[in-house]
Amino acid sequence: MKQDSDLRNNLKSIRTRLGMSQQDLANIANVTRQTISGVESGQYAPSVAITLRLAKALGCQVEDLFWLERDLPEIEAVLAKPVPNGQQLRVSVARVGGQWIAYPLIGKDAFRQDMIPADGEGETCTGTNKVRVRLLDDNLETLHNTVVIAGCAPVISLWARATERWHPQLRVQYNFANSMAALHSLCRGEAHIAGMHLYNPETGEYNTPFVRDVLAGREAVLITLGVWEEGLLLKSGNPMGIRTVSDLIAGGATIVNREIGSGSRMLLEQTLQKEQIPFDTVQGFDNVLKSHQDVAQAVVRGVADAGMSTASVATAFGLGFIPLHQSRYDLVILKEYLEESPVQQLLSTLGHRMVHSQFEILGGYDISKIGEVVATV
C-alpha cells in the first residue's frame, strides 16, 4: 500500500536502538526485508496486521511506531529573540501573559549540560517576529503549566528541578540572562519572573530602583531568593596574593569581565570607581564573558588570573575567593502573573525544606529571608 502523506514513523530509530538489522526485524515479524525498507523510507504504508506484528517484534505500542502528522496541533508564537529569516528552528514554548512565546534553541541556548528537548519546530517569516510552530506532541497541558524564569543565578536551576519533583505536572523553563536582560525580558512579556542582583550605591537599595525605571509604571513584586557573596574568583591557593582590586593592578593580573547589564560587571565597576582605579588600567577589562560558569572556567584554565562571581561558584570549581560585597538576589514578578496557578505552585516551594537543603549544601547563600516580599512597585 502506498504511504499516506500524513503517516510518520520512527521504525528505523527503534530498530537500530535495539541493535537489529532490517533482516533481523523482517524475520521476527514474518515480513520481507523490502517491506521493512519501504516502511522506514516512507514509501509503504503497512497493513494493520503488519503494523501489529512490527510493534510486537519491537516490544512497543503501535502508537510508539506510527502517528499522523496532522494530529499534532500548531500554534502561533512570538519569538523571544530575533533569528535569521527562513530558518528552521527548534524551540521551547510557554504561555506568558495570554500569548505563546517561542524560545529558539540555538547555540548555547540549546544546551545546559545536555541538549534541551524541543517542544516544536517552526520556520521564520520575513518581516514579522512571529513563527508558526508545529508541536512535536499534543501535550498542550504541559505548555500551559510552564513557568518561565529569566536570570543568571545557578541556583535557579536547582530550585526548578526540586520544584518539578514536588509538582510533577509543573515545568520550569529557565532562560539564562543577566540582570538587566532578564528585567527587559519580563517587560517584553517573554517571562513570568526575572531574577536580578543589582545594587544602587547612591541609595543603598537593591534591585528596586532598576525595576521601577524599566517597568515604567507596571505593577510588580520583588521576592527574595537569597543573599549571596560576590567577589573575586582566584586560582586555587591565590598564588598572586591578591586581596583587593588594587592588587590586580599592582600584580599585573589579568581578569575576565562580564557583559554590560550584569550585576557582576556593575559591582566591579563600582569597586574600581570607589578605589579611583581607571577601567583601562585593568588588564582584561574588555574581555567579556556571558556567565558565572564561563568566568570560573577561564580562571581554571589559566586564561585569566581573576574574575568577578560568587562564593558558591568558587566552591563548585575549587577556586579561591575574595568577598567584596553581599548582594540580594530578588525575583521580580508582574502582579498580573501572581494569581496564575503554575506561578503560585513554583513560589510555594520557596518554603519547602527540599529547596532549602539544595541552597544550604551549595554554600555561599543566606536564605534566612527566602520567599519574603521585599518591595512592590
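Above this text you will find the structure in question.
Residues numbered from 1 in each chain as written. Predicted model: local features only at pLDDT ≥ 70, side-chain atom pairs only at ≥ 80, totals over all residues. Heavy atoms only, no water.

## Focus on helix α8 (residues 179-187)
Next, step 1: Of all the residues in α8, the buried ones are S179, M180, A182, L183, S185 and L186.
Next, step 2: The inward-facing, buried residues of α8 contact β8 (146-151), β10 (193-196), α9 (208-215), α11 (263-274) and β17 (320-334).
Next, step 3: Structurally, the start of α8 carries an N-cap: the backbone nitrogen of M180 is 3.2 Å from a side-chain oxygen of N178.
Next, step 4: G189, located one to two residues past α8, shows a positive phi value of around 80°. (Buried < 20%, exposed > 50% of the residue type's maximum accessible area, 1.4 Å probe, protein only. Helix = DSSP H or I, 4+ residues; strand = E, 2+ residues; numbered from the N terminus. Contact = heavy atoms within 4.5 Å. Polar contact = N/O pair within 3.5 Å; in protein donor to acceptor, adjacent residues only side chain to side chain.)

## Digging into the state of the cysteines
Next, step 1: According to the stated counting rule, one finds zero disulfides in the structure shown.
Next, step 2: C187 provides the cysteine sulfur closest to C152, a residue in no disulfide bond, and the two sulfurs are 18 Å apart.
Next, step 3: The exposure class assigned to C152 is buried, which follows from its relative accessible area of 2%. (Disulfide = S-S within 2.5 Å.)

## Details of α11
Next, step 1: The first and last C-alpha atoms of α11 sit 16 Å apart over 12 residues, in line with the 16 Å expected at 1.5 Å per residue.
Next, step 2: Of the positions making up α11, those classed as buried are G263, S264, R265, L267, L268, Q270, T271 and L272.
Next, step 3: Two residues or fewer after α11 comes Q276, characterised by a positive phi angle close to 55°. (Expected span 1.5 Å × (residues − 1).)

## Looking at the nonpolar core
Next, step 1: Core analysis: the largest hydrophobic core is formed by 56 residues, its most contacted members being W159, L225, V332 and F359.
Next, step 2: The element best represented in this core is strand β13 (residues 220-234), accounting for six residues.
Next, step 3: What W159 contacts, discounting residues up to four positions off in sequence, is I149, L225, L331, L346, L347, T349, L350, V355 and F359.
Next, step 4: One finds V31, I36, L54 and A55 within the second-largest nonpolar core, a separate group that totals 19 residues. (Core = buried A, V, L, I, M, F, W, Y, C linked by side-chain atoms within 4.5 Å.)

## Structural notes on unusual backbone geometry
Next, step 1: Located in the positive-phi region is N238, a residue other than glycine, with phi close to 50°.
Next, step 2: When you line up the elements, N238 lands in the loop between β13 and α10 (245-250).

## Thoughts on the pattern of salt bridges
Next, step 1: Considering all chains together, one arrives at 12 salt bridges under this definition.
Next, step 2: A salt bridge links K130 to E76; the nearest nitrogen and oxygen atoms lie 3.6 Å apart. Here K130, found in strand β7 (residues 130-135), pairs with E76, found in strand β3 (residues 74-79); they are 54 residues apart in sequence, far enough to count as distant.
Next, step 3: By relative accessible area, which is 35% here, K130 ends up partly exposed.
Next, step 4: Residue R328 is joined to D330 by a salt bridge in which the shortest nitrogen-to-oxygen separation is 2.8 Å. Here R328 matches D330 in class, with each residue buried. (Salt bridge = Lys/Arg side-chain N within 4 Å of Asp/Glu carboxyl O.)

## Looking at the packing of aromatic side chains
Next, step 1: Under the counting rule described, the total for this entry stands at five aromatic pairs.
Next, step 2: Considering the side-chain rings of W228 and Y329, the 5.2 Å spacing of their centres and the 65° angle between planes classify their relative orientation as edge-to-face. A residue pair is termed long-range when its members are at least 10 positions apart, and W228 in strand β13 and Y329 in strand β17 qualify at 101 residues. The pair W228 / Y329 is uniform in exposure class, with both members buried.
Next, step 3: Aromatic pair F279 and F285: ring centres 4.9 Å apart, planes at 20°, arrangement stacked. (Phe/Tyr/Trp six-rings, centres within 6.5 Å; stacked < 30°, edge-to-face > 60°.)

## Brief notes about the pairing of strand β14 (residues 255-258)
Next, step 1: Alternating residues of β14 divide into I255 and N257 and V256 and R258, and every residue in both groups is buried.
Next, step 2: Here two bridges tie β14 to strand β16 (residues 306-310), and the two strands are oriented parallel to one another. In the sheet register, I255 faces β16, and the bridge partner there is A306.
Next, step 3: Two elements, β14 and strand β15 (residues 288-289), share two bridges in a ladder whose sense is parallel. Pairing of R258 across the sheet is with L289, part of β15.
Next, step 4: For the segment spanning β14, α11 and β15, crossover handedness is right-handed. (Pairing = 2+ DSSP bridges. Right-handed = clockwise from strand over helix to strand, strands pointing away.)

## Here we look at the packing of α8 against α9
Next, step 1: Relative to each other, α8 and α9 sit at 40°, their axes nearing to 10 Å. It follows that α8 is oblique to α9 by the angle criterion. As α8 runs across α9, the sense of the crossing is right-handed. Contacts between α8 and α9 involve M180, L183, H184 and C187 from the first element and F210, V211, V214 and L215 from the second.
Next, step 2: For the contact of α8 with α9, a count of residues per class yields seven nonpolar, one polar and no charged. (Axes fitted to C-alpha atoms, helices over the stretch in contact; angles between N-to-C directions. Parallel < 35°, antiparallel > 145°, perpendicular 65-115°, else oblique. Left-handed = near helix turned anticlockwise from the far one by under 90°. Nonpolar A, V, L, I, M, F, W, Y, C, P; charged D, E, K, R; others polar.)

## Section: the side chain of S312
Next, step 1: Checked against the element boundaries, S312 lands in helix α13 (residues 311-317).
Next, step 2: Within the structure, the side chain of S312 is placed 3.1 Å from the side chain of T310, a separation counted as a polar contact.
Next, step 3: Once residues lying within four places of it in the same chain are set aside, the contact partners of S312 are L362, G363, G364 and Y365.

Geometric descriptors of this kind do not, in isolation, establish any biological role.
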